[in-house]
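Each chain, written out:
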Amino acid sequence: MRAAERPEIAQLPLFREMAESERERIFSGSFLQVFPPQLTLFELGQRADFLHVLIDGMAELYTSGAGRDTTMRIVEPVSSFILAAVVTDMPYLMSARTLVSSRILLVPAALIREVVRKDHNLMEATMRELALAYRDLVRALTDIKLRQSAERLGNLVLQQERRQGGHGRVVLRAEKRLLASLLGMTPENLSRGFGVLAKHGALTDGAQITITDRAALEAFSRPDAVSD
């Protein structure tokens, strides 16, 4: 990692509160690289050699079985993945690939495990990331078990609208094919789902969605009662 890049990386939530000496140990052993689109970063079953921290771009976490791939998570900046495999020194349960050109920090997994034992602030940040990942898992399971496909799509729109500033507009950054896989839908069902949402206050035009009636969309999608 070049010296000019270190101040930016030092402000990431995982590293922000660390002791300077331990942070420098991590930075000295890490690599900041730009990867092209559709590059496989690691595969299901591999040991975690690195903690990946997405700085710019977008990545997909997916799993495979019976000749099919399914999207488990779409990673957007700034976010680490997959911390659980790094901390436990266990094989990845998912594969990862870039969706667009992406700048990713690679931190050796063994170095993370070593430093987390010594730096309490890194330990706290690690615990927080793992806890938030668990909460995301609970929300995803709730989504699958309690909502129909069009309701899951509406809930996704509401979540993205909050993350993008809460101005009533959403730009879909990932391909609709990936969104369908993430939501457990076929592309055809996703298209029909957008048609259903048009009757409940969300109009789609290409990659942009405009919320015209928030109350109607929330009544249809039934967003989580507890939000982070």
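Please refer to the structure higher up on the page.
Being a predicted model, the structure only gives us computed values, none of them experimental. (Residues numbered from 1 in each chain as written. Predicted model: local features only at pLDDT ≥ 70, side-chain atom pairs only at ≥ 80, totals over all residues. Heavy atoms only, no water.)

### Quick word on the environment of glycine 29
Now for step 1: Position of glycine 29 among the secondary structure elements: in the loop between α2 (20–28) and β1 (31–35).
Now for step 2: Distance in space between the C-alpha atoms of glycine 29 and methionine 1 is 8.3 Å, their sequence separation being 28 residues.
Now for step 3: Residue contacts for glycine 29: discarding those within four places in its chain leaves Pro108 and Leu111. (Helix = DSSP H or I, 4+ residues; strand = E, 2+ residues; numbered from the N terminus. Contact = heavy atoms within 4.5 Å.)

### Brief notes about the pattern of salt bridges
Proximity of charged atoms lets side chains of opposite charge pair with each other.
Now for step 1: The tally for this structure, following the rule as stated, stands at 18 salt bridges.
Now for step 2: As a salt-bridge pair, arginine 147 and aspartate 224 come within 2.9 Å of each other at their nearest N and O atoms. In this pair, arginine 147 is assigned in the loop between α5 (120–146) and α6 (149–163) and aspartate 224 in the segment after α9 (214–221), connecting sequence segments 77 residues apart.
Now for step 3: With a shortest N-O distance of 3.1 Å, glutamate 175 and arginine 177 are connected by a salt bridge.
Now for step 4: Among the charged side chains, a network of salt bridges with common partners joins Glu22, Arg25, Glu114 and Lys118. (Salt bridge = Lys/Arg side-chain N within 4 Å of Asp/Glu carboxyl O.)

### Remarks on the packing of α6 against α9
Geometrically, a packed helix pair is captured by the angle between its two axes and the distance between the axes.
Now for step 1: Between α6 and α9, the shortest axis-to-axis distance is 8 Å and the interhelical angle comes to 130°. In terms of axis orientation, α6 runs oblique to α9. When the axes of α6 and α9 are compared, the crossing they make is left-handed. Every residue of α9 that contacts α6 at Ala150, Glu151, Gly154, Asn155, Val157, Leu158 and Glu161 is listed here: Arg214, Leu217, Glu218, Phe220 and Ser221.
Now for step 2: Classifying every residue of the contact of α6 with α9 by side-chain character gives 5 nonpolar, 3 polar and 4 charged. (Axes fitted to C-alpha atoms, helices over the stretch in contact; angles between N-to-C directions. Parallel < 35°, antiparallel > 145°, perpendicular 65-115°, else oblique. Left-handed = near helix turned anticlockwise from the far one by under 90°. Nonpolar A, V, L, I, M, F, W, Y, C, P; charged D, E, K, R; others polar.)

### A word on the side chain of arginine 23
Now for step 1: Secondary-structure assignment places arginine 23 in helix α2.
Now for step 2: A polar contact of 3.2 Å, which involves the side chain of arginine 23, links it to the backbone oxygen of arginine 16.
Now for step 3: When near neighbours in sequence (up to four residues on either side) are disregarded, arginine 23 contacts Ala10, Phe15, Arg16, Glu17 and Met18. (Polar contact = N/O pair within 3.5 Å; in protein donor to acceptor, adjacent residues only side chain to side chain.)

### Some details on a nonpolar patch on the surface
Now for step 1: Nonpolar side chains collect at one region of the surface, where Tyr134, Leu137, Val138 and Leu141 lie side by side and expose about 390 Å² of accessible area between them.
Now for step 2: Structurally, tyrosine 134 can be placed in helix α5. (Patch = residues over 30% accessible without salt bridge, like charges linked within 9 Å, V, L, I, M, F, W, Y side chains within 5 Å. Areas by Shrake-Rupley, 256 points an atom, 1.4 Å probe, with all protein chains shown as cover.)

### Brief notes about α6
In an α-helix there are 3.6 residues to a turn, and that puts residues three or four apart on one side.
Now for step 1: Compared with the 21 Å implied by 1.5 Å per residue over 15 residues, the 21 Å span of α6 between its first and last C-alpha is a close match.
Now for step 2: Here α6 lies mainly inside the structure; 11 of its 15 residues are buried.
Now for step 3: Considering only its buried residues, α6 is in contact with α5, β9 (169–171), α7 (176–182), α8 (187–198), β11 (208–211) and α9.
Now for step 4: At the exit of α6 stands glycine 165, carrying a positive phi of roughly 115°. (Expected span 1.5 Å × (residues − 1). Buried < 20%, exposed > 50% of the residue type's maximum accessible area, 1.4 Å probe, protein only.)

### Thoughts on the packing of helix α4 (residues 109–118) against α5
Now for step 1: At a closest axis distance of 6 Å, the pairing of α4 and α5 adopts a crossing angle of 115°. Crossing of α4 over α5 shows left-handed handedness. For the pair α4 and α5, contact is made by Val115, Val116, Arg117 and Lys118 and by His120, Leu122, Met123 and Thr126, respectively.

### A short note on the sheet that holds strand β10 (residues 202–205)
Now for step 1: Taken together, the 3 strands give an open sheet; going across it, the order is β9-β11-β10, and neighbouring strands pair in antiparallel fashion. A single partner strand is all that each edge strand has here, and the edge strands are β9 and β10. Strand-to-strand twist in this sheet, taken as the mean axis angle between neighbours without regard to direction, amounts to 20°.
Now for step 2: Sheet topology places β10 next to β11; 4 bridges connect them, and they run antiparallel. Counted as the bridge partner of leucine 203 is threonine 210 from β11. (Pairing = 2+ DSSP bridges.)

### With respect to the sheet that holds strand β6 (residues 79–81)
Now for step 1: The sheet built from 4 strands is open, its strands ordered β1-β8-β3-β6 with antiparallel pairing. Looking along the sheet, the strands with just one partner apiece sit at the ends: β1 and β6. Across the sheet, the axes of successive neighbouring strands diverge by a mean angle of 30°, strand direction being ignored.
Now for step 2: For β1 and strand β8 (residues 102–108), the ladder comprises 5 bridges, and the chain directions are antiparallel. Directly across from valine 34, in β8, lies its bridge partner arginine 103.

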